[in-house]
Each structure stands twice: as C-alpha cells, then as structure tokens.
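# Coordinates in review
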Amino acid sequence: GESVGLHLPTLSVQEGDNSIINCAYSNSASDYFIWYKQESGKGPQFIIDIRSNMDKRQGQRVTVLLNKTVKHLSLQIAATQPGDSAVYFCAERTAGKSTFGDGTTLTVKP
Amino acid sequence: ETGVTQSPTHLIKTRGQQVTLRCSSQSGHNTVSWYQQALGQGPQFIFQYYREEENGRGNFPPRFSGLQFPNYSSELNVNALELDDSALYLCASSLDRVGEQYFGPGTRLTVT
C-alpha cells in the first residue's frame, strides 16, 4: 500500500531562521498532498496543500515544494517563530482518505 | 461557527471492555472521518462516514465500528479492547468526502 515518510523526526532551529521539513511518498499515483501542524493537546491543523499538477505553492510564511520525479515534498517556513514549535505531518489524500507520515517535531530556540 | 468537538477528552478502560467515542462535526459538514494516533506516530485512517453511510475503511478489524447520525455527528465504537488500542482518537469533519478536513482535539483512550 501507499506510505508517507518524513526524513528527520526532529528539527531544531533558531528563531528567525528558515525551517525546511522534508517528506517522501511511495505512491506515484498520489495527486494531492497536505501539510499539517499539530500542537500539544490538539488535533492536526491544515497548513497548506498542493496538487500534483503544481511544483510549488506559497502561503503566508510557508511554501510547499513537490518533486514528482523523486516523490518528495518539502515544507519551508520563513522566519520561524516560537509559535511554530509543533509536530508537522505531511499527508497524501486519495478519495477522502489521508495517509500520514510519522511527523517531524520542530523546536524553535529563542 | 462551532468547530469539531469530541467527547470524552480522555478515558481509561480495561482490556476486553467496549468503548464509544463521540464527535460533533462542524456546522454544515456532512462527512466525518476517524483516525487513530498512537504515541509518536501519525494518524491512521480508520473509516469515513458520508451522509450516514460508511464511505471507505482503513486497515482496522471489524471490532472497530461507527455510526453517523442525521445531524452528521458520529460515534466510534471499539469492542473487545486490546492494550494496543491505547491511542489518541481523532475525528475530522469536512464539507464533503474529499473536502478539507477539520480535526477535533481528540479523545485519549488508555487501555489497561
């Protein structure tokens, strides 16, 4: 079956730096990807999504890049803030079912 | 607009018992999906309900069952609880089967 995995379980950055969180997927037919942020005691919160007909999508301080050739996507957070500290998940969505990776814990040092 | 709510917040059950978890979807949403999140892992899809019918199921045994009511709220039932069922159970509602999912805070289930 399909799988989604993250490259690093933890990432520590200095406040103000840019953060990059990477994710790989296995199903070449996947066409919709979502990044979620999960804070302690809360459910996952939608950050940004991208469809397979795009290579890049930008939001407020966040950018998602999709490389279909190597089945890899990344989430870039600009000017990382303490409030960005959380667990970040990439997910592949097919027919309403989301397949999540195991998450990267981002810690922002003041 | 009220977000997705879940009850109870947490509970403790004994192996072999049965449990019912509840989810109220966001106003206007007709689809609810349930996920199991073990500690340190990503959520795993259990099943989805759309307009009171099951619409897709993940790799979970039949002792995991659900219901969706006419007001689109939903229940997750787990029979014959096992220790490995200890997890955070998340529900997510969406406008339709493929729309953006809005997650509730989850129910933390501990099986002893």
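Below you will find a few notes about this structure. Predicted model only: the values in this text are computed from it and were never measured.

## Examining the overall build of chain A
- Within chain A, the regular secondary structure consists of 0 helices and 11 strands.
- Sequence-ordered secondary structure for chain A, helices as α and strands as β, is β-β-β-β-β-β-β-β-β-β-β.
- Against the 2.2 N^0.38 benchmark of 13 Å for 110 residues, chain A shows a C-alpha radius of gyration of 13 Å, consistent with a compact globule.
- Here the C-alpha coordinates of chain A stretch approximately 40 × 30 × 20 Å along the principal axes.
- Taking contacts inside chain A between residues at least 6 apart in sequence as the whole, the part at least 24 apart equals 52%.
- Here chain A has roughly 5400 Å² of accessible surface; of this, 47% comes from carbon and sulfur atoms.
- Averaging the positions of the 11 positive and the 10 negative side-chain charges in chain A gives two centres separated by 3 Å.

## A word on the overall build of chain B
- When you go through chain B residue by residue, the secondary structure sums to 0 helices and 11 strands.
- Order of helices (α) and strands (β) in chain B, N terminus to C terminus: β-β-β-β-β-β-β-β-β-β-β.
- Here the C-alpha atoms of chain B give a radius of gyration of 13 Å, agreeing with the 13 Å that 2.2 N^0.38 yields for 112 residues.
- By the burial criterion, 50% of the 112 residues in chain B qualify as buried.
- Of the contacts formed within chain B by residues at least 6 apart in sequence, a portion of 54% connects residues at least 24 apart.
- Accessible area of chain B: about 5300 Å², with a carbon and sulfur share of 47%.
- With 8 positive and 10 negative side-chain charges, chain B shows a separation of 6 Å between the mean positions of the two kinds.

## Some points on the pattern of salt bridges
- Taken as a whole, this structure holds 8 salt bridges over all chains when the rule is applied.
- In this structure, glutamate 39 of chain A engages lysine 42 of chain A in a salt bridge whose closest nitrogen and oxygen atoms are separated by 3.7 Å.
- On the basis of relative accessible area, glutamate 39 of chain A is assigned to the partly exposed category, the value being 27%.
- Aspartate 49 of chain A is the salt-bridge partner of arginine 57 of chain A, the closest N and O atoms lying 2.2 Å from each other.
- Using a relative accessible area of 14% as the deciding quantity, one classes aspartate 49 of chain A as buried.
- The structure contains a network of salt bridges with shared partners spanning Arg63, Glu82 and Asp85 of chain B.

Calculation notes
- Residues numbered from 1 in each chain as written.
- Chains lettered and ligands numbered in written order.
- Predicted model: local features only at pLDDT ≥ 70, side-chain atom pairs only at ≥ 80, totals over all residues.
- Heavy atoms only, no water.
- Helix = DSSP H or I, 4+ residues; strand = E, 2+ residues; numbered from the N terminus.
- Rg over C-alpha atoms; globule rule 2.2 N^0.38 Å.
- Contact = heavy atoms within 4.5 Å.
- Areas by Shrake-Rupley, 256 points an atom, 1.4 Å probe, with all protein chains shown as cover.
- Lys, Arg positive; Asp, Glu negative; His and termini not counted.
- Charge placed at Lys NZ, Arg CZ, Asp CG, Glu CD.
- Buried < 20%, exposed > 50% of the residue type's maximum accessible area, 1.4 Å probe, protein only.
- Salt bridge = Lys/Arg side-chain N within 4 Å of Asp/Glu carboxyl O.

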